[in-house]
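# Observations on chain architecture
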Amino acid sequence: MPAIQNTYGDTGVELELVQSARKGDMAAFEKLLKLYDRKIFRIAQNITHHAEDAEDVVQEAFLKAYKNLDRFEGNSKFYTWLVRIAVNEALMKLRKRKSDKTVSLDEDVDTEDGSMPREIADWAPTPEQNYSQTELREILSKTIQGLPVGFRTVFVLRDVEQLSTEETAEALGLSVPAVKSRLLRARLQLRERLNRYFAKKKKKTTQTVGAPNA
Amino acid sequence: MNCRDFLKELNDYLDGELDPKLRAELSEHLTWCHNCFVVCNTTKQTIEIYRENAIYELPEALREKLHTAIITKCKKSDKGSA
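Residues numbered from 1 in each chain as written. Chains lettered and ligands numbered in written order. Predicted model: local features only at pLDDT ≥ 70, side-chain atom pairs only at ≥ 80, totals over all residues.

### Some words on the overall build of chain A
What counts, and what does not: Secondary structure is summarised from DSSP: a helix means a run of H or I of at least four residues, a strand means a run of E of at least two, and numbering begins at the N terminus for each. To assign burial, the other C-beta atoms lying within 10 Å of each residue's own C-beta are counted, with C-beta atoms placed from the backbone; 20 or more indicates buried, 12 or fewer indicates exposed, and intermediate counts indicate partly exposed.
Looking only at helices and strands, chain A has eight helices and zero strands in total. Counting from the amino terminus, chain A carries its helices and strands in the arrangement α-α-α-α-α-α-α-α. Looking at chain A as a whole, 43% of its 214 residues are labelled buried.

And the structure:
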């Protein structure tokens, strides 16, 4: 089975833009904005599940990045730094919305529920074709919303936005082993939850295979 | 190599981050363990479906509105003041 390709690009252009923006070149900053706004919006909405909050996060993250450009040390990629700012803003929004000051990336990560494969059912080669684009988006959105915020954030950064494990760890302030453990559990939980939509109806069995020591 | 060992390495197997020897052991496990084959395959599909069907796209009209708002705020702000 071939490995999944990571298409995350190189960053020479990014660095030049950051240096120009630092000198006050607003056009350069606007290019950075256009490079990353969609990604930041997706990340923000995956964390907050609220369109208006996600819009606010995009605005606040870019404004904060702009104001602090001189403090960006260049040890990491600008994008990783920007994601870190955006994730923090999004978590703050989530806390306000939930009136719960304890919302964090560590929420519910110790629960073992749903990580262990329970339902072993094969899917059709392209199961998503059984649904309209709107239906599919609803399924994917509803399914990922069911994951604890620490899991879904890791999944979105690693698997959707294709940051490396190290970049994800840096953006979230987590260790590399913590990112790996959460990613595995996020992937397995999503897979299990998507079974109900994508599993072939016939030959369905319920067997258990060994669980990882997450 | 049993199923538990396989699951522990599933991430690195899917991401292609394994040394060839361990990768070969995992591939060999998949040739006879149908359950792990299905879990591996459907997990890979899960990742690909989320990657290829980006939910929460930023609508173009909203995007332009956000750009204008952000650039206006940036111009009004002083760098280093946050």
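### Overview of the domain arrangement of chain A
All names here are of chain A. Applicable threshold: An automatic or database domain assignment is the source of the domain bounds shown. Residues are treated as contacting if the C-beta atoms built from their backbones sit within 7 Å of each other.
Split into domains, chain A comes out as domain 1 (12-98) and domain 2 (127-198). Here the C-alpha centroids of domain 1 and domain 2 sit 21 Å apart. Contact with domain 1, which involves 13 residues of that partner, is made by 14 residues of domain 2. The set of elements that each furnish at least two residues to the side of domain 1 that touches domain 2 consists of α2 (26-48) and α4 (78-98).

### Digging into the packing of α2 of chain A against α4 of chain A
Two numbers describe a pair of packed helices, the interaxial angle and the distance between the axes. All names here are of chain A. Heads up, the rule is: Axis definition: a line fit to C-alpha positions, over the contact stretch in the case of helices; interaxial angles, taken between N-to-C directions, run 0 to 180 degrees. Handedness of a crossing follows from how the near helix is turned relative to the far one, being left-handed for an anticlockwise turn of less than a right angle and right-handed for a clockwise one. The residue classification treats Ala, Val, Leu, Ile, Met, Phe, Trp, Tyr, Cys and Pro as nonpolar and Asp, Glu, Lys and Arg as charged. All others, Gly included, are polar.
At a minimum axis separation of 9 Å, α2 and α4 run at an interaxial angle of 35°. Considering only the axes of α2 and α4, their crossing is right-handed. Mapping the contact onto sequence places L32, Y36, I40, I43, A44, I47 and T48 in α2 and F78, Y79, L82, V83, A86, V87, A90, L91, K93, L94 and R97 in α4. Grouping the constituent residues of the contact of α2 with α4 by class yields 15 nonpolar, one polar and two charged.

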